[in-house]
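# Analysis of the macromolecular model
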Amino acid sequence: MNTLATRTVGDLVAEDARRGATFKRFDIDFCCGGHATLADACRIAGADLAAVEQALRAPAPGGLAPQPRVAAWPPAFLADYIVAEHHTYVRENIPALRALTDKIARVHGAEHPELAEVARLFDAVAAELEDHMESEETVVFPRIRALGQPAAGPPLRDLVGDMEAEHDEAGRALRDIRLLTDGYALPADACASYAAAFAGLEAFEDDLHRHVHLENHFLFPKALTLEASLPAS
């Protein structure tokens, strides 16, 4: 049987997006850490490589639909999809999550002091993502849509490098929130707002993983490859 150990986790999820759920179960980062081999990712996460390989080879649960076949989509269409699907999600959910994390930090902070740091981290990552999405929508994605036309400003590769660095920062902040909350585990005294905040934060993190994966492993490589294939102007 061929080993999966030497393949990158990003490539494995690109091949079948349903594998993202398996990596989440083993606490393996497949978006910002997607360039790591499976063996290295398991070592970083403290996961058993053989167990992860076995889980990846198991048939996907019938209820999990595969990712849309983004590998066939041109970069411009993929950029539009990311804005419509993921940028919209982020903007719609930030206000409620800011309010909820602030509320539970005020109400439960004495018993759970880590909630103040959760609120601070989320506020910071939300502000960073708002600026990040604005940069993508006004600078990076228009450049991608206009590939082949004369363009001013930094090379696309430099812009992509900046976006990927910001992805890493957002991913680290949300991972810190996950660690602070022990994987969004609710304490015995959790109220409805507490539960809603943790459920919302986990869903927000899951969406960011899919969002970053689409950009780091599909959109940006496609755009850079297309740019390299164009005749010099």
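Residues numbered from 1 in each chain as written. Predicted model: local features only at pLDDT ≥ 70, side-chain atom pairs only at ≥ 80, totals over all residues. Heavy atoms only, no water.

## Details of the packing of helix α6 (residues 114-145) against helix α7 (residues 156-180)
The criterion, for reference: An axis is simply a line fitted to the C-alpha atoms; with a helix, the fit covers only the stretch in contact. Between two such axes, the angle follows the N-to-C directions and lies from 0 to 180 degrees. Think of it this way: any DSSP run of H or I at least four residues long counts as a helix, any run of E at least two long counts as a strand, and we number them from the N terminus. Every angle not falling under 35 degrees, over 145, or within 65 to 115 is termed oblique; those three ranges are roughly parallel, roughly antiparallel and roughly perpendicular. Crossing handedness follows the turn of the near helix against the far one: under a right angle anticlockwise gives a left-handed crossing, and clockwise gives a right-handed one. Put simply, Ala, Val, Leu, Ile, Met, Phe, Trp, Tyr, Cys and Pro go in the nonpolar bin, Asp, Glu, Lys and Arg in the charged bin, and everything else, Gly too, in the polar bin.
Taken N-terminus to C-terminus, the directions of α6 and α7 make an angle of 160 degrees; their axes are 9 Å apart at the nearest point. Put simply, α6 runs roughly antiparallel to α7. Viewed along their axes, α6 and α7 form a crossing whose handedness is left-handed. Taken together, the residues that form the contact of α6 with α7 break down as 16 nonpolar, 3 polar and 8 charged.

## Points about helix α8 (residues 192-229)
So the rule is basically this: Expected helix span is taken as 1.5 Å per residue step, with the number of steps being one fewer than the number of residues. Bend at a given residue is defined as the angle between two axes, one fitted to the seven residues that end at that position and one fitted to the seven that begin there.
With 38 residues, α8 ought to run about 56 Å at 1.5 Å a step, and its terminal C-alpha atoms sit 54 Å apart, in line with that. Taking the largest bend as the criterion, α8 deviates by roughly 35 degrees, centred on Glu215.

## Comments concerning the environment of Ala71
Test applied: Contact between two residues is taken to exist if any of their heavy atoms lie within 4.5 Å; hydrogens are not considered.
With respect to the helices, strands and loops of the structure, Ala71 is situated in the loop between α4 (49-57) and α5 (75-108). Each C-alpha atom of the pair Ala71 and Ala14 lies 8.0 Å from the other, and the pair is 57 residues apart in sequence. When sequence neighbours within four positions are dropped, the list of residues in contact with Ala71 reads Phe218 and Lys222.

## Describing the nonpolar core
The tendency in soluble globular proteins is for nonpolar side chains to be buried as a group. Under the convention used in this document: Nonpolar cores were defined as sets of buried Ala, Val, Leu, Ile, Met, Phe, Trp, Tyr and Cys residues, with membership established by side-chain atoms within 4.5 Å. Here's how the labels work: a residue is buried when its accessible area is under 20% of the maximum for its type, exposed when over 50%, partly exposed in between, all with a 1.4 Å probe on protein chains only.
Within the largest apolar cluster, 29 residues are counted, with the highest numbers of intra-cluster contacts made by Phe122, Val125, Leu129, Ile177, Phe198, Leu201 and Phe204. Among the elements of the structure, α5, α6, α7 and α8 are those that each provide at least two residues to this core. At 9 residues, α6 tops the list of elements feeding residues into this core. In contact with Leu201, other than residues within four places in its own chain, are Leu97, Thr101, Val118, Phe122, Ile177 and Tyr184. Val140, Val160, Phe220 and Ala223 belong to the second largest nonpolar core, which has 19 residues in total.

## Things to note about a negative patch on the surface
Quick reminder of the rule: Only residues whose relative accessible area exceeds 30% and that form no salt bridge are eligible for patches; like-charged ones are grouped when within 9 Å, while nonpolar side chains (Val, Leu, Ile, Met, Phe, Trp, Tyr) are grouped when within 5 Å. Computed with the Shrake-Rupley method and a 1.4 Å probe, the accessible areas treat only the protein chains shown as cover for residues. The working definition used for a salt bridge is a side-chain nitrogen of Lys or Arg within 4 Å of a carboxyl oxygen of Asp or Glu. When charges are counted, Lys and Arg are positive and Asp and Glu negative, with His and the chain ends excluded. In this description, the location of a charge corresponds to atom NZ of lysine, CZ of arginine, CG of aspartate or CD of glutamate.
Negative charge collects at one region of the surface, where Glu128, Asp131, Glu134, Asp158, Asp162, Glu166 and Glu169 lie side by side. Sorting the residues of the negative patch by element identifies α6 and α7 as the ones contributing at least two each. Among the elements that take part in the negative patch, α7 stands out by supplying 4 residues, more than any other. Tracing the backbone through its elements, the reader meets Asp158 in helix α7. Classification of Asp158 by relative accessible area gives partly exposed; the value is 44%.

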